[in-house]
Protein chains: 2
Amino acid sequence: MAGEFALIDRYFARPTPSAVLGPGDDCALVQPTPGKQLAVTTDMLVAGTHFLADTDPRNLGWKALAVNLSDLAAMGATARWVTLAGALPAADAAWIERFADGFFACAKEYGVDVIGGDTTRGPLNLCVTALGEVEPGRALRRDGARPGDQIWVSGRPGLAALGLAQLQGRVSLPEPWPRLCIAALEKPRPRLALGQSLVGLASAAIDVSDGLLADLGHIAERSGCAAAVRLVQLPQLRDLVGSGERYDADLRRLALDCQLAGGDDYELCFTVPAARSPEVAALAAALELPLWPIGEIVAGTPGTVEVFDPDGQPVDIARRGYDHFG
Amino acid sequence: MAGEFALIDRYFARPTPSAVLGPGDDCALVQPTPGKQLAVTTDMLVAGTHFLADTDPRNLGWKALAVNLSDLAAMGATARWVTLAGALPAADAAWIERFADGFFACAKEYGVDVIGGDTTRGPLNLCVTALGEVEPGRALRRDGARPGDQIWVSGRPGLAALGLAQLQGRVSLPEPWPRLCIAALEKPRPRLALGQSLVGLASAAIDVSDGLLADLGHIAERSGCAAAVRLVQLPQLRDLVGSGERYDADLRRLALDCQLAGGDDYELCFTVPAARSPEVAALAAALELPLWPIGEIVAGTPGTVEVFDPDGQPVDIARRGYDHFG
């Protein structure tokens, strides 16, 4: 069994062209871009809480980085540098190699350097800190939404939660949905290009990690407003749940629940002044990423999110997202 | 039991005057000082590996931050901002409150803001990332030692390991050593002022986390040199091990082992060109911190550290420090 330092060197010390000094010293050194602000985020992933213990380590490596880059995306930042700390039950070289493959694949895809880290023995735990850069005063925050702003969400929120239900045997999705939903769960795509494009356009943004309603609630709370979501404007899943005689009511209920309260999608939910909606539609075309106007910010008790059915009637939604200590 | 967000808000969201945006959004935002380089370090502490499970959470909070600030000290950086991610087996408000007290006490003592974090459920694990600033090209690195440089160490390395031995019942230290050694273990003092004073003076530096010989070996390896340590120049512990008829040979052996190979001291080990030794002695007086010249850098197989007894004969030292996967 290789020693700690040999393990780190073998799998994690790769070239870091964007750093002054990479892994191997007490600290890494980087030169911030003059005038930019630094966006900093950290996330901890624990086996059993955030991922299934038998997850392919390559997917886990990808995801451990992707969820942090997603936080940078939600601020409109450019991703620059990351550190990785990990506790592992054993120094399993094959596992570490696959994990590193996934982690560095994600780093390469989104142009970040892995500048440092820490490896230790313990129950499986992964902690990533990501650093990005943004123009002063231009970061997308949660607190800028105003009544009248349109609420948008990217991609197809809910797929990751459907993928988890499929993996856990709680549902048997029709083809080709198992593959699509499990990919959404295991290999989320941080919406960095979208976030950067929203700088100067969106009034507030958040990434959907806890569930659409819960995360939208964070925007509403920090902005001192309420939010109204219209079910009819959510991305339709007719090709999943069927229609006519093929309509599957149970699957429709599960899919809706996953759309509204399923976590782990890492899509962006954001608000835009109504007059600028055409720009969002143009952005969707430019990025080849569907963007859905799902409701609007309204005056009301800060943090409340109301959901309305196609007839405009309020819907009672029990689950509001995932709280690890709830 | 409070929800995750309430817990974080109650204990960890405190004013962050040095940040543009503190906890509560997808990222924190900070404005780097123009022209400075950023030093970045991350450390993960795991119950059972890095600390005893029944450690007072207040001490643990202090230490979780102190060990990261120590890495900034070893680069000669000014400590600025930190993030904290933690996995906890349960949302124990009393435990969290004490932990936060210790963590913020350390943050206040060394002038850093806690700008963000993540809290989740899982086996106890703490991951801190610290950001500091240093003038471009002036950071203390491990790779600058040259043959002829004197090797120095601050404080009294070994006390922390003696404290651990005391807590584990492997030794019964005479008074007043139990209190002193346990304090060194539980409440290490990151040598930030020393590190900053060494900028422009030391040719290389590292903090002693794995053990003096092991960490000195890292300097030697990265610098392409060897190191010679003279036992007679180590801080004397005569008041601990006694002398004359009171001399305790077993305790002397343990103390020497702890001095050379005990981890967790977070003193600085550094090298200085021989001609500038008087400046180090002056520094010790100014900082009221003992600094010991314990040997010199020599030409030889990179990374080797030889220890010599008072007669100049090489000593065989088996343990070289702590490797979590060794």
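Reading the values: rules and limits
Residues numbered from 1 in each chain as written. Chains lettered and ligands numbered in written order. Predicted model: local features only at pLDDT ≥ 70, side-chain atom pairs only at ≥ 80, totals over all residues. Heavy atoms only, no water. Salt bridge = Lys/Arg side-chain N within 4 Å of Asp/Glu carboxyl O. Helix = DSSP H or I, 4+ residues; strand = E, 2+ residues; numbered from the N terminus. Buried < 20%, exposed > 50% of the residue type's maximum accessible area, 1.4 Å probe, protein only. Arc of directions from axis to C-beta. Contact = heavy atoms within 4.5 Å. Domains from an automatic or database assignment. Buried area = accessible area lost by both parts, 1.4 Å probe. Nonpolar A, V, L, I, M, F, W, Y, C, P; charged D, E, K, R; others polar. Pairing = 2+ DSSP bridges. Axes fitted to C-alpha atoms, helices over the stretch in contact; angles between N-to-C directions. Left-handed = near helix turned anticlockwise from the far one by under 90°.

**Student:** Explain the pattern of salt bridges here, please?
**Tutor:** Once the charged atoms of two side chains with opposite charge are near each other, the side chains can pair. This structure, assessed with the given rule, holds 26 salt bridges over all chains. Here A:Arg230 ties to A:Glu296 by a salt bridge, and the two come within 2.4 Å at their closest N and O atoms. Separated by 66 residues along the polypeptide, A:Arg230 in strand S8 (residues 226-230) and A:Glu296 in strand S10 (residues 291-298) bring together distant segments of the chain. A residue is classified by how much of its surface remains accessible, and A:Arg230, at 26% relative accessible area, is partly exposed. Judged by relative accessible area, which is 23%, A:Glu296 ranks as partly exposed. Between B:Asp264 and B:Lys63 there is a salt bridge; the shortest N-O distance is 2.8 Å. In this pair, B:Asp264 sits in the loop between helix H9 (249-261) and strand S9 (268-272) while B:Lys63 sits in helix H2 (residues 57-74), placing the two residues 201 residues apart along the sequence.

**Student:** Honestly, helix H10 (residues 277-287) of chain B in this entry has me stumped. Any pointers?
**Tutor:** Each turn of an α-helix holds 3.6 residues, which means side chains three or four residues apart point in the same direction. Residues and elements named next belong to chain B. Within H10, burial applies to Ser277, Val280, Leu283 and Ala284. The arc that holds the buried residues of H10, viewed along the axis, is 105°, so those residues lie on one side. Residues of H10 that are exposed and point more than 90 degrees away from the buried face comprise Pro278, Ala285 and Ala286. Residues of H10 that are buried in the fold lie against strand S6 (150-154), helix H6 (192-198), S9 and strand S10 (291-298). Following H10 by one or two positions, glutamate 288 has its phi on the positive side, about 50°.

**Student:** Mind showing me how you'd approach the domain arrangement of chain A here?
**Tutor:** Quoted interface sizes are often the accessible area lost when the parts come together. Residues and elements named next belong to chain A. Under the domain assignment, chain A is made up of domain 1 (4-134) and domain 2 (150-313). Each of domain 1 and domain 2 has a C-alpha centre, and the two are 27 Å apart. With 19 residues of domain 1 in contact, the opposing surface of domain 2 contributes 20 residues. Here domain 1 packs against domain 2, burying approximately 1600 Å² in sum over the two surfaces, 60% of which is carbon and sulfur. If you sort the residues of domain 1 by the area they bury against domain 2, Trp62, Lys63 and Tyr110 come out on top, with a joint share of 29%. Across the salt bridge formed by arginine 189 and glutamate 109, the nearest N and O atoms sit 3.6 Å from each other. Every element with two or more residues in the side of domain 1 that touches domain 2 is listed here: helix H2 (57-74), strand S3 (78-88) and helix H3 (93-110). A total of eleven residues in the side of domain 1 that touches domain 2 trace back to one element, the largest contributor, which is H2. Looking at the side of domain 1 that touches domain 2 residue by residue, the class counts come to eleven nonpolar, five polar and three charged.

**Student:** Explain the sheet that holds S10(B) here, please?
**Tutor:** Residue and element names in this part refer to chain B. Pairing is mixed across the open sheet formed by seven strands, whose spatial order is S7-S9-S6-S10-S8-S11-S12. Each having just a single partner strand, strand S7 (204-207) and strand S12 (314-315) make up the two edges of the open sheet. Contacts between H2 and the sheet are confined to S7 and S9, with S7 contributing the most and set at about 175° to the helix. This element, helix H7 (residues 212-223), spans S6, S7, strand S8 (226-230), S9, S10 and strand S11 (305-308) of the sheet and lies at about 145° to S7.

**Student:** Which parts of the structure should I look at to understand the packing of H2(B) against helix H3 (residues 93-110) of chain B?
**Tutor:** When two helices pack together, their arrangement is captured by the angle between the axes and the distance separating the axes. Residues and elements named next belong to chain B. As a packed pair, H2 and H3 sit with axes 6 Å apart at the nearest point and diverge in direction by 35°. The handedness of the crossing between H2 and H3 is right-handed. The residues of H3 that touch H2, namely those facing Pro57, Arg58, Leu60, Gly61, Trp62, Ala64, Leu65, Ala66 and Leu69, are Trp95, Arg98, Phe99, Asp101, Gly102, Phe103, Ala105, Cys106, Ala107, Glu109 and Tyr110.

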